[in-house]
Each structure stands twice: as C-alpha cells, then as structure tokens.
Amino acid sequence: MQALFLDINGVLVEDRAPIPGAIEVLSEARGRGLTLRFVTNTATKGHGSILRDLRQMGFALEATELFTAPLAARHYLLRHHLRPHLLVHPAIAVAFADLAGDPPNCVLLGDARDGFSYGALNRVFQLVQQGLPLIGIGRNRYFREGGELLLDAGAFLQAIEWAAGIQAVVLGKPSADFYAELVASTNFSAQHCLMLGDDLEADVIGAMAAGLAGCLVQTGKYQQVDQLRLPPQASLIASVAELPAKFAWSIRP
C-alpha cells in the first residue's frame, strides 16, 4: 500500500466530530510516507466548506488532498463544454453558476434534499426525454446524519434512469471513472491504493471493481447485513483506529 483513500463521513467523522483514533492514524500514515486522499460524495457543501470543517476538527490536510464528487462533476462539464440544468443543493449551486446556460445541453443531479419536488424531478425527466445527458453526483442510496439513515440522491437518479430508459454518467463513487481520476492524482497504480469506507457498494465494491484494495469499517452507515455481501478479498475492521493493526503498523509515540 502506497496510497490511502479515506471516505470522510462515517469513517473519519461522525456527527461533526472526529471518530476516536482517526487523527492519530492519519498522522501515522503521513509518517510512513503514504499518499493520502480524503474522498467524499457529499454534495451539500462546497469544497472550501468541507476543507474548513475538517481543519477545525483537527485534521491536517492540503486542499489538493480533498477529492469531492462535485469537483469531479465540474471538471467533467468543463471538459465536455456542457451547460447544465441544475437540480443540486443550494450550497453547491454557486460552483456551477458560471457553467449554466440557456438552453441547457445536459442535466446535473445531486443531493438537492428538499429540492427533490415532483415538479423539479419531472422537469429533469422531460429534459432527459428530449435527449439531454443525465449526470449524477454520486449514486449513494442513503447516508447517516444525526444518528439516522437518510435517503440519498442515488434513489432519485435511478428513478429518472428507469423512467426515461437511459443510463446516467456518474461522477463520484462508485464510478470507475471517478476512481480512475482519484488514482491518477497519485503516482501509483490502482493495485497499490487502498480505499477505506463505510459504504459497501460505493466505497468497497466500487473501488475493488476499479482495481483498488477495499476495506470496510463498522462505523457510519455500516449495517450488519453488509458482511453477507463483502467480497472475499476485502478487509473488515471495527473503525479507522484499527487500520494500523490490520496492516501491521505500530503507532509511533
């Protein structure tokens, strides 16, 4: 292992506080020369806001180490000269305001929370029916917040796909393209990278399908039933604090 990719919510942070041992493990990883990436599909906060929140909680990281699905979506829109119709959270809409145009030539769908009204979803459906490509910021089914599991944008993305009979382009976990960009941001091949997450499908199965090693933590959105579908080659640990023991590290004083 030369590069360590870590999901944020449920792996490093829970209920706006560091998970016990997370900060110490990251310090140890840096001391061992590992390349770190903080990876998230969160689409209700801007890149700068996530960075500030992590630093205020005591995590030391550079802006270039934060890899978010909204940022990947923006890069994709720019590369393909796309003008999106937006159905995203107001907190990240500003990041795409300069790209939006009339008429749009694609649809961008993210975690819009209460913005997922019938009217808003039906408008997306109509545009996709007219031939506009649908681009999703992640495909997560649900997330954990305030001790509860909450419906995520993946459910709405799949509803539009099913109704319109199309396949969306997904920028974020578990997309193979997203993982390819993540790996490319390091100097290593996928086989030398480990993805640590609490989402079996997006973090572990998605990463392993892209050639990375995968490790599931039993914190965050993890559920007991996840063990039944855990790939044989995947690792399972109670929390990020067990990472050094799992990979035979010794925490330095």
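The notes below deal with the structure included here. Just so it is clear, the structure is predicted and the values come from calculations on it, not from any experiment.

Thresholds applied
Residues numbered from 1 in each chain as written. Predicted model: local features only at pLDDT ≥ 70, side-chain atom pairs only at ≥ 80, totals over all residues. Heavy atoms only, no water. Helix = DSSP H or I, 4+ residues; strand = E, 2+ residues; numbered from the N terminus. Buried < 20%, exposed > 50% of the residue type's maximum accessible area, 1.4 Å probe, protein only. Polar contact = N/O pair within 3.5 Å; in protein donor to acceptor, adjacent residues only side chain to side chain. Contact = heavy atoms within 4.5 Å. Axes fitted to C-alpha atoms, helices over the stretch in contact; angles between N-to-C directions. Parallel < 35°, antiparallel > 145°, perpendicular 65-115°, else oblique. Left-handed = near helix turned anticlockwise from the far one by under 90°. Pairing = 2+ DSSP bridges.

## A word on the side chain of Thr42
Within the secondary structure layout, Thr42 lies in the loop between strand 4 (35-40) and helix 2 (47-56). Note on Thr42: relative accessible area 17%, which makes it buried. Polar side-chain contacts of Thr42 include one of 3.2 Å to the side chain of Asn9. At 2.7 Å, the side chain of Thr42 and the side chain of Thr40 are in polar contact. Here Thr42 is in contact with Asn9, Ile50 and Pro70, once residues within four sequence places are set aside.

## Regarding the packing of helix 5 (residues 118-129) against helix 6 (residues 153-164)
Running from N to C, helix 5 and helix 6 cross one another at 45°; their axes reach a closest spacing of 10 Å. It follows that helix 5 is oblique to helix 6 by the angle criterion. Helix-helix and strand crossings are classified by hand; for helix 5 and helix 6 the assignment is right-handed. Contacts from Leu121, Val124, Phe125, Val128 and Gln129 of helix 5 reach helix 6 at Phe156, Ile160, Ala163 and Ala164.

## Some points on the sheet that holds strand 5 (residues 66-68)
Reading across from one edge, 5-4-1-12-13-14 is the order of the 6 strands in this open sheet, with parallel pairing throughout. Sheet topology places strand 5 and strand 14 (235-237) at the edges, where each strand pairs with a single neighbour. Averaged over neighbouring strand pairs, the angle between their axes works out to 25° when direction is ignored. Pairing geometry for strand 13 (residues 213-217) and strand 14, over 3 bridges, is parallel. By the bridge assignment, Leu216 is partnered in strand 14 with Leu236. Helix 2 contacts strand 4 and strand 5 of the sheet and is inclined by roughly 135° relative to strand 5. Against the sheet, helix 3 (residues 69-79) makes contact with strand 4 and strand 5, and its axis sits at roughly 70° relative to strand 5, the strand it touches most.

## Points about unusual backbone geometry
Omega for the bond connecting Asp102 with Pro103 falls within 30 degrees of zero, at 5°, which places this linkage in the cis form. For Asp15, which is not glycine, the phi torsion reads 50° and is therefore positive. Mapped onto the fold, Asp15 is located in the loop between strand 2 (13-14) and strand 3 (17-18).

## With respect to the sheet that holds strand 11 (residues 169-170)
Two orientations exist for strands paired in a sheet by backbone hydrogen bonds: parallel and antiparallel. Strands sit in the order 6-7-8-11 across an open sheet of 4 strands; the sheet is parallel. With partners counted over all chains shown, the strands left at the sheet margins are strand 6 (84-87) and strand 11, one partner each. Of the strands in this sheet, strand 6, strand 7 (106-109), strand 8 (134-136) and strand 11 touch helix 3, which is tilted by about 175° from strand 7. Docked against the sheet, helix 6 engages strand 7, strand 8 and strand 11, running at close to 165° with respect to strand 8.

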